[in-house]
Amino acid sequence: QVQLVESGGGLVQAGGSLRLSCAASGRTFSSDTMGWFRQAPGKEREFVAGVTWSGGTSAYADSVKGRFTISRDNAKNTVSLQMNSLKPEDTAVYYCARSHYHLSKRRDDYGYWGQGTQVTVSS
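Residues numbered from 1 in each chain as written. Predicted model: local features only at pLDDT ≥ 70, side-chain atom pairs only at ≥ 80, totals over all residues. Heavy atoms only, no water.

Draft legend 1. Focus on the state of the cysteines. As enumerated under the stated definition, the model contains one disulfide in all. Across the disulfide from Cys22 sits Cys96; the S-S distance is 2.1 Å. One quick way to see it: the torsion about the S-S bond of Cys22 and Cys96 is about -75°, and its sign makes the bridge left-handed. Of this pair, Cys22 sits in strand β3 (residues 18-25) while Cys96 sits in strand β9 (residues 92-99), and the two are 74 residues apart along the sequence. (Disulfide = S-S within 2.5 Å. Helix = DSSP H or I, 4+ residues; strand = E, 2+ residues; numbered from the N terminus.)

Draft legend 2. Spatial organisation of the sheet that holds β3. Taken in spatial order, the four strands make up an open sheet running β1-β3-β8-β7, and their pairing is antiparallel. Two strands bound the open sheet, and with one partner strand each, they are β1 (3-7) and β7 (68-73). Going from strand to strand, the sheet's axes swing by 15° on average, the running direction of each strand aside. In the sheet, β7 pairs with strand β8 (residues 78-83) via six bridges, with the strands oriented antiparallel. (Pairing = 2+ DSSP bridges. Axes fitted to C-alpha atoms, helices over the stretch in contact; angles between N-to-C directions.)

Draft legend 3. Highlighting the packing of aromatic side chains. As enumerated under the stated definition, the model contains five aromatic pairs in all. Ring centres of Phe37 and Tyr110 lie 4.9 Å apart, and the angle between their planes is 75°; this geometry places the pair in the edge-to-face category. Pair noted here: Phe37 is in strand β4 (residues 33-39) and Tyr110 is in strand β10 (residues 110-113), with a separation of 73 residues, a long-range link. Here the two residues Phe37 and Tyr110 agree in accessibility, since each one is buried. Within the aromatic cluster, the residues linked to one another by ring pairs are Phe37, Phe47, Tyr95, Tyr110 and Trp113. The ring of Tyr95 carries the charged tip of Arg45 above its face, separated from the ring centre by 3.7 Å. (Phe/Tyr/Trp six-rings, centres within 6.5 Å; stacked < 30°, edge-to-face > 60°. Buried < 20%, exposed > 50% of the residue type's maximum accessible area, 1.4 Å probe, protein only. Lys NZ or Arg CZ within 6 Å of the ring centre and 35° of its normal.)

Draft legend 4. Representation of the pattern of salt bridges within the structure. In total, this model carries seven salt bridges according to the counting rule given. Measuring nitrogen to oxygen at the nearest pair gives 2.9 Å for the salt bridge that ties Asp90 to Arg38. Residue Asp90 is found in the loop between β8 and β9, and its partner Arg38 is found in strand β4; the two are separated by 52 residues along the sequence. Here Asp90 matches Arg38 in class, with each residue buried. Ionic pairing is found between Asp90 and Arg67, a salt bridge with its closest N-O pair at 2.8 Å. Residue Asp90 is found in the loop between β8 and β9, and its partner Arg67 is found in the loop between β6 (58-60) and β7; the two are separated by 23 residues along the sequence. Here the salt bridges do not stand alone but share partners, grouping Arg38, Glu46, Arg67 and Asp90 into one network. (Salt bridge = Lys/Arg side-chain N within 4 Å of Asp/Glu carboxyl O.)

Draft legend 5. Representation of the pairing of strand β5 (residues 46-52) within the structure. The element β5 is extensively covered by neighbouring structure, given that six of its seven residues are classed as buried. Note that β4 and β5 share six bridges and pair antiparallel. Each bridged residue has a counterpart across the sheet, and for Thr33 the counterpart in β5 is Thr52. Linking β4 back to β5 in an antiparallel pair, the connection comprises six residues, with Gly42 at a positive phi of about 80°. As paired elements, β5 and β6 share three bridges and run antiparallel to each other. Within β6, the position partnered with Val51 by the bridge is Ser58.

Following this line, the structure appears as structure tokens:
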């Protein structure tokens, strides 16, 4: 059984930083991609960043490029999202997810999801 547990959300002022972590349990494959998505009130869940377990290749949404960094620690089975220069529009519930597809940005390609963690950026 695959489980994903996020942590690290909270309230921060605009321009500040937060680091989210996702602990993964259960069987994983080196070809898997781990992703972060977010969903703001009244909006669709959108891709934020993804990284492969094997080579550490990453992909980002245009809205977060240069501000967010995704990384993975294979030994600890964790994936992190370092978020810098946060903006009020980054406010959302952030979800960790796992996909068998290589660096997919499509929500439907992710079959396993965490419960989400709230990130609130005040102006």
